Amino acid sequence: MISIKNVSKWYGNFQVLTDCTTEVKKGEVVVVCGPSGSGKSTLIKTVNALEPFQKGDIVVDGISIADPKTNLPKLRSRVGMVFQHFELFPHLTITDNLAIAQQKVLGRSRDEARAKGAKLLERVGLSAHAAKFPGQLSGGQQQRVAIARALAMDPIVMLFDEPTSALDPEMVNEVLDVMVQLAHEGMTMMCVTHEMGFARKVANRVIFMDKGKIEEDCSKEDFFGSPRGERAQLFLSKILQH
Amino acid sequence: MDFNFSAIVDSKDFLWEGLKYSASLTLFATFFGIVFGTLLAMARLSSIKPLNLAASAYVNLFRSVPLLLVIFWFYILVPLISGVQVGADKSAYITFAIFEAAYFCEIIRAGIQSISRGQVSAGQAMGFTYAQNMRYVILPQAFRNVVPLLLTQTIILFQDTSLVYVVGATDLLGAASKVANRDYIPVEMYVTVAVIYFTISFVLSRLVKRLHTAIAVIR
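Residues numbered from 1 in each chain as written. Chains lettered and ligands numbered in written order. Predicted model: local features only at pLDDT ≥ 70, side-chain atom pairs only at ≥ 80, totals over all residues. Heavy atoms only, no water.

## Describing helix 8 (residues 172-183) of chain B
All names here are of chain B.
- With twelve residues, helix 8 should reach 16 Å at 1.5 Å per residue; the first-to-last C-alpha distance of 16 Å fits that figure.
- For helix 8, the set of buried residues is Leu172, Leu173, Gly174, Ala175, Ala176, Ser177, Val179 and Ala180.
- Backbone geometry just after helix 8 places Tyr184 at a positive phi near 50 degrees. (Helix = DSSP H or I, 4+ residues; strand = E, 2+ residues; numbered from the N terminus. Expected span 1.5 Å × (residues − 1). Buried < 20%, exposed > 50% of the residue type's maximum accessible area, 1.4 Å probe, protein only.)

Here it is as structure tokens:
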């Protein structure tokens, strides 16, 4: 589904991604972790071309991102993305947040888009808030709406960029619950997260990044059982201490 | 010293016509200034170099020359280029739309730049094209953030429309000066129009202040 091939990226002289190669198969849940500044957010943003890269290629569902002829907006409309800071559209109601891209990008009718949005809103347990604006919701609620908004586009894969790291601790679980449910339904997911409990529960594979390189890329069992690299061990010992 | 304010009452229809012209010039220049200014702002923020340079040159040019000069200049130039005598009134419309676009551009540019990178990414991630992202995500928020600034610029613009009297257009000041000369009542006339300009501008700026507070509450 997603195939990342030898991707390198520089900001000026500073290399943020070095020769990254990995793959996310259909139905797979891949968790990307690593210390801050390791390039994991940058990597996930290259998958839907929000971040350009200078070398290598990424192929999403058979379509090359590096190919200048690729219609990027169209490709992005098929890839759902959830951001660290939710990024709901603050000037639109929850209903419109869910409907607008369906109407303007996919060409669905207003009624169709709203019906779909309402169904997804119900699924994340927020039907009562349909008429509100994002600023009136808690962080956890906003993030659930953001997941519903991405799902409304019927994506072939979902990307999560640290979806819980801007949340208050008591709201983390309500968002993870939605993500776990999605994983169980067979959604293809690539998640940048430090939630190792989530990784243990639903991940098929774990990727560990450090200094712009993919240091470990292995099954969940291998990663938690016996991470090969020293840095991955150190990272795990640090975040699993408490 | 006697003041003759009754002559002003006699010429109230003429002054009213002048005020209507000033108002319509203000509205016209605001509307086209904002439309054109928005396009300019997008060009100035564009990564396409020539577009960016052209828009910057335009904005810098008009922000660096006095409005009065531009009014004169267009009044003389437009008939020369087009071969049509457009007249003072119409050439004033064109001048103001073109000139004010440069100022509105800078306000709108600030508005667009106030929108976080994350919002831009979110719009892109939904599959919006550049134009769709501008229209549905960025500009609505950008405008909301700068409404008070746009209105303030409009008030300045309303006052600046008085400059068109130099080419003989009959705006409020133009009408007033014609009556003042005809009836020889300059003091009464200029006091009266000063009060009119002040009242309108002052009331509008109070409204802007209220709006500012209202927007601060929404955010």
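## Some points on the UniProt feature "domain: ABC transmembrane type-1" (unreviewed entry) in chain B
- When the UniProt feature table is mapped onto this chain numbering, "domain: ABC transmembrane type-1" (unreviewed entry) sits at residues 19-208 of chain B.
- The distance from the first to the last C-alpha atom of residues 19-208 of chain B is 21 Å, and the span holds 84% helix and 0% strand. (UniProt positions renumbered as here; feature names shortened; annotations may be inferred.)

## Section: unusual backbone geometry
All names here are of chain A.
- Look at Ala49: it is not a glycine, yet its phi comes out positive at around 60 degrees.
- Tracing the backbone shows Ala49 in the loop between helix 1 (40-47) and strand 4 (55-60).
- Given a relative accessible area of 14%, Ala49 falls into the buried group.
- Positive phi is not limited to glycine here, since Phe86 has a value of about 65 degrees.

## Structural notes on the interface of chain B and chain A
- With 19 residues of chain B in contact, the opposing surface of chain A contributes 19 residues.
- Between chain B and chain A, a total of about 1600 Å² is buried, with carbon and sulfur atoms accounting for 65% of that surface.
- It is Ala125(B), Met126(B) and Tyr136(B) that lose the most area in chain B upon contact with chain A, and together they represent 36% of the buried surface on that side.
- For the pair chain B and chain A, the interface holds zero salt bridges.
- In this assembly, chain B and chain A are joined by four residue pairs in polar contact (both at pLDDT 80 or more).
- Mapped onto the side of chain B that touches chain A, the elements with two or more residues apiece are helix 6 (117-125) and helix 7 (130-160) of chain B.
- Per-class residue counts for the side of chain B that touches chain A are seven nonpolar, ten polar and two charged. (Contact = heavy atoms within 4.5 Å. Buried area = accessible area lost by both parts, 1.4 Å probe. Salt bridge = Lys/Arg side-chain N within 4 Å of Asp/Glu carboxyl O. Polar contact = N/O pair within 3.5 Å; in protein donor to acceptor, adjacent residues only side chain to side chain. Nonpolar A, V, L, I, M, F, W, Y, C, P; charged D, E, K, R; others polar.)

## Regarding the packing of helix 6 of chain B against helix 7 of chain B
All names here are of chain B.
- In contact at an axis separation of 10 Å, helix 6 and helix 7 are set at 160 degrees when each is read in the N-to-C sense. Classified by the angle their axes make, helix 6 and helix 7 are roughly antiparallel. Between helix 6 and helix 7 lies a crossing of right-handed hand. Where helix 6 abuts helix 7, its residues Gln119, Val120, Gly123 and Gln124 lie against Asn133, Val137, Ile138 and Gln141.
- Of the residues that constitute the contact of helix 6 with helix 7, the class distribution is three nonpolar, five polar and no charged. (Axes fitted to C-alpha atoms, helices over the stretch in contact; angles between N-to-C directions. Parallel < 35°, antiparallel > 145°, perpendicular 65-115°, else oblique. Left-handed = near helix turned anticlockwise from the far one by under 90°.)

## Here's the deal with the UniProt feature "transmembrane region" (unreviewed entry) in chain B
- Here, the residues flagged by UniProt with the feature "transmembrane region" (unreviewed entry) are residues 21-43, 64-86, 92-112, 142-167 and 187-208 of chain B.
- Strand forms 0% of residues 142-167 of chain B and helix 73%; the C-alpha atoms that close the span are 37 Å apart.

## Brief notes about the nonpolar core
- Among the nonpolar cores identified, the biggest contains 78 residues, and Ile2(A), Leu159(A), Met190(A) and Ile112(B) are the most heavily contacted of them.
- The biggest single contributor to this core is helix 5 (residues 87-113) of chain B, with eleven residues.
- Non-local contacts of Ile2(A), meaning those with residues more than four positions away in its chain, are made with Thr22(A), Glu23(A), Val24(A), Val47(A), Ile58(A), Val59(A), Val157(A), Leu159(A) and Met190(A).
- Leu121(A), Ala148(A), Val178(A) and Met187(A) belong to the second-largest nonpolar core, a separate cluster that totals 48 residues. (Core = buried A, V, L, I, M, F, W, Y, C linked by side-chain atoms within 4.5 Å.)

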